[in-house]
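# A look at the structure
Each chain, written out:
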Amino acid sequence: PNQHLDVTSFISSQPHRGKTAFVDAVTGRRLGFSELWLGVERVASCLYALGVRKGNVVIIISPNSILFPIVSLSVMSLGAVITTANPINTPGEISNQIEDSRPVLAFTTRQLNRVASSGEGARAKISRVKQRVNQDDTAALLYSSGTTGKSKGVMLTHRNLIALVQAYRARFGLEQRTVCTIPMCHIFSFGGFATSLIALGWTIVVLPRFEMAQLLSAVEIHRPSHLSLVPPMLVAMVNGAEEINSKYDLSSLQTVVVGGAPLSREVTEKFVERYSNVRVLQGYGLTETAAIVASMFTKEETERYGSSGLLAPSVEGKIVDPDTGRVLGVGRTGELWLRSPTVMKGYFKNEEATASTIDLEGWLKTGDLCYIDCEGFVFVVDRLKELIKCNGYQVAPAELEALLLAHPEIADAAVIPIPDMKAGQYPMAYILRTAGSNLSESEIMGFVAKQVSPYKRIRKVTFLASIPKNPSGKILRRELVKLTTSKL
Ligand code: ATP
């Protein structure tokens, strides 16, 4: 596409007129594609009248809403930069983000409604001098989840987001129906529901936040063929399957895309056994790659349980030994490096972190320990930073969690390191038992010990009522480590 095309113009070039773009699952309000683009134009005019110009940052702090995409598309259409904050973040976290990104304007819930529905934007319509957007200008500044450290501002350009839309187009069909429950502030949802799927003409039923009963009712009422979920949502559907199947009609569902955190073969198997008409497609990506770079698509690909699918056609990947920098062959485990038109421009105001993450040839070091099999399927073993170092061996918590989740009386599990004078660290597990189970610590340790090498054995178990996770479905190990050290 031409060098000056902004992502909003690219998405609106296929207007899908006459179709419904968004439905508010709570109020039932519908937004047609024509209304959507009119809204984008109005809000853009309004922002321009308020003085927002190319390069300015605008922040949106809102739960999911049918107006969220209107705001982000209009900001990007001006060549300004949209940044998103999760409304469930603490005031301290949000003010850190504001201090870092320095927005000139903030959208939050009440304003969203006022601006996008009152016609105020139309009144403010003044002749707008369209500023030329370069494809390498930043369009969105999305913050990584902060799972392994402080969350970082990731600069995604118009080129990155256009490439993402093209990748979606290559993998997904046109004009399907789905429900959005993952927060739009996160790249997984932003890159899909707030941008790419609009280009594909999908009808998106929007839930403000994830709530299982609301999600299932929305599926029954709106009959989507597709859902995007993060692993804990899938785990909850597996655990509640009997009740869910007796209460809700989920027969419209054909595919569920799951990404954002590891999803084990065991959980996938349980899911397809309980919801036999549904295919589970895993997707893998990072904020730094504008989300999905590997995914499943065809029936054969879906059957590779435990894998994250194939790299998208425009993505190059290699497995590198993190200690020596040597490229490793098929089936060998090392750090996954990626090169793709969706790889970020860099971290915002952090050249040092950018230089240590993207090398001079454009390879992005993902920090994920992976292997790629002879047919090109990517398997994510764990995050390098989260490996447990026990007696000189490295133990992947995700591998042990997958084993634990295969136990019929374990509803959820998290494995973390616990310090030890002799071993350095050893793995311990936090466990949520299924309702009514009396499974004991020694039974759990025995169950794992039978299946793993001695150094991977779990040495301690603590029972919890829920495992702390972030919106992208990742276990908040730091919180569990804190909990453990406070008890030592
Ligand atoms: P931070 O970098 O601030 O610690 P984060 O890496 O959690 O935050 P995200 O960009 O939301 O922020 O997450 C990307 C990471 O999510 C990947 O590097 C990977 O570890 C994990 N991930 C995503 N999809 C999958 C998947 N299908 N399987 C396993 N892990 C996944």
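Residues numbered from 1 in each chain as written. Predicted model: local features only at pLDDT ≥ 70, side-chain atom pairs only at ≥ 80, totals over all residues. Heavy atoms only, no water.

Before going further, it helps to examine the side chain of Ser-264. With respect to the helices, strands and loops of the structure, Ser-264 is situated in the loop between strand E11 (255–258) and helix H12 (265–274). Of note is the side chain of Ser-264, whose polar atom sits 3.2 Å from the backbone nitrogen of Val-267. (Helix = DSSP H or I, 4+ residues; strand = E, 2+ residues; numbered from the N terminus. Polar contact = N/O pair within 3.5 Å; in protein donor to acceptor, adjacent residues only side chain to side chain.)

Below, the discussion takes up the sheet that holds strand E5 (residues 105–108). Two strands in a sheet stick together by hydrogen bonds in their backbones, pointing the same way (parallel) or opposite ways (antiparallel). Pairing is mixed in the open sheet, where 6 strands are placed in the order E5-E3-E4-E6-E7-E18. The sheet is open, and its two borders are formed by E5 and strand E18 (346–347), each paired with just one other strand. Here 4 bridges tie strand E3 (residues 57–61) to E5, and the two strands are oriented parallel to one another. Bridge pairing in E5 links Ile-61 to Thr-108. Contacting E3, strand E4 (81–85), E5 and strand E6 (138–143), helix H3 (residues 68–77) crosses the sheet at an angle of about 145° to E4. (Pairing = 2+ DSSP bridges. Contact = heavy atoms within 4.5 Å. Axes fitted to C-alpha atoms, helices over the stretch in contact; angles between N-to-C directions.)

What follows concerns the layout of surface pockets. Of the volumes computed, that of the second largest pocket is approximately 990 Å³. Lining of the second largest pocket is provided by 34 residues; of these, Asn-89, Glu-93, Ser-145, Gly-146 and Ser-151 occupy positions nearest its centre. Listing elements by their share of the lining of the second largest pocket, those giving two or more residues are E4, helix H4 (91–101) and helix H17 (477–487). Looking at side-chain class alone, the lining of the second largest pocket contains 9 nonpolar, 16 polar and 9 charged residues. (1 Å grid on protein atoms, 1.4 Å probe; cavity = no way out; pocket = protein on both sides within 12 Å on 5 of 7 lines; lining within 4 Å. Points joined across faces, edges and corners; volume = space filled by probe spheres on them. Nonpolar A, V, L, I, M, F, W, Y, C, P; charged D, E, K, R; others polar.)

Formed by 113 residues in total, the largest nonpolar core has its most connected members in Phe-22, Leu-36, Phe-190, Leu-234, Met-237, Leu-250 and Phe-271. Setting aside anything within four residues of it in sequence, one finds Phe-271 in contact with Leu-234, Met-237, Val-238, Val-256, Val-278 and Val-280. Listed in part, the 28 residues of the second largest apolar core include Ile-410, Val-415, Met-428 and Leu-439. (Core = buried A, V, L, I, M, F, W, Y, C linked by side-chain atoms within 4.5 Å. Buried < 20%, exposed > 50% of the residue type's maximum accessible area, 1.4 Å probe, protein only.)

What follows deals with the side chain of Ser-74. Relative to the helices and strands, Ser-74 is located in helix H3. The exposure class assigned to Ser-74 is buried, which follows from its relative accessible area of 0%. Not counting the four nearest positions on each side in its chain, Ser-74 is found in contact with Val-40, Val-43, Ala-44 and Leu-47.

Around the ligand lies a shell of 24 residues, among which Ser-145, Thr-147, Thr-148, Thr-287 and Asp-368 are the nearest. Thr-147 places a side-chain nitrogen or oxygen 2.4 Å from an oxygen atom of the ligand. A distance of 2.6 Å is found between an oxygen atom of the ligand and a side-chain nitrogen or oxygen belonging to Thr-287. In the complex, 96% of the free accessible area of the ligand, which totals 640 Å², lies under the protein chains. At the level of elements, strand E12 (279–286) and strand E20 (378–383) are the ones that each hand at least two residues to the shell around the ligand. (Near = heavy atom within 4 Å. Areas by Shrake-Rupley, 256 points an atom, 1.4 Å probe, with all protein chains shown as cover.)

Bringing the packing of aromatic side chains into the picture now. Counted under the stated rule, the structure contains 6 aromatic pairs. A ring pair is formed by Phe-172 and Phe-297, whose centres lie 6.4 Å apart and whose planes are at 80°; its orientation type is edge-to-face. In this pair, Phe-172 sits in the loop between helix H7 (158–171) and strand E8 (177–180) while Phe-297 sits in the loop between strand E13 (291–295) and helix H13 (299–302), placing the two residues 125 residues apart along the sequence. Directly above the aromatic system of Tyr-48 lies the positively charged group of Arg-53, at a separation of 3.6 Å from the ring centroid. (Phe/Tyr/Trp six-rings, centres within 6.5 Å; stacked < 30°, edge-to-face > 60°. Lys NZ or Arg CZ within 6 Å of the ring centre and 35° of its normal.)

All right, on to the domain arrangement of the chain then. Its domain assignment divides the chain into domain 1 (7–306) and domain 2 (387–487). Look at where the C-alpha atoms of domain 1 and domain 2 centre, and you get two points 33 Å apart. Between domain 1 and domain 2, the residue contacts involve 20 residues of the former and 14 residues of the latter. Of the roughly 1,400 Å² buried between domain 1 and domain 2, counting both surfaces, carbon and sulfur atoms make up 58%. A per-residue breakdown of the area domain 1 buries against domain 2 is headed by Thr-147, Glu-266 and Lys-270, which together make up 30% of the total. (Domains from an automatic or database assignment. Buried area = accessible area lost by both parts, 1.4 Å probe.)

Turning our attention to empty space enclosed by the protein. Applying the stated criterion to the full structure yields 5 cavities of 30 Å³ or more. The calculated volume of the largest cavity comes to roughly 90 Å³. Taken together, Leu-164, Ala-167, Tyr-168, Arg-171, Phe-172, Ile-292, Val-293, Ala-294, Ser-295, Leu-310, Leu-311 and Ala-312 make up the lining of the largest cavity. Each residue belonging to the lining of the largest cavity can be placed in one class, and the counts come to 10 nonpolar, 1 polar and 1 charged. Computed from the structure, the second largest cavity encloses a volume of approximately 80 Å³. Along its surface, the second largest cavity is lined by Tyr-168, Phe-172, Phe-188, Gly-192, Phe-193, Leu-197, Trp-202, His-226, Ser-228, Val-257 and Ile-292.

On to the packing of H7 against helix H8 (residues 187–199), then. Where H7 contacts H8, the two axes come as close as 9 Å, and the packing angle between them is 70°. Considering their axes alone, H7 and H8 lie roughly perpendicular with respect to each other. Counted together, Leu-161, Leu-164, Val-165, Tyr-168 and Arg-169 of H7 and Phe-188, Phe-190, Gly-191, Gly-192, Ser-196, Leu-197 and Ala-199 of H8 form the full contact between these two elements. For the contact of H7 with H8, the class distribution of residues is 8 nonpolar, 3 polar and 1 charged. (Parallel < 35°, antiparallel > 145°, perpendicular 65-115°, else oblique.)

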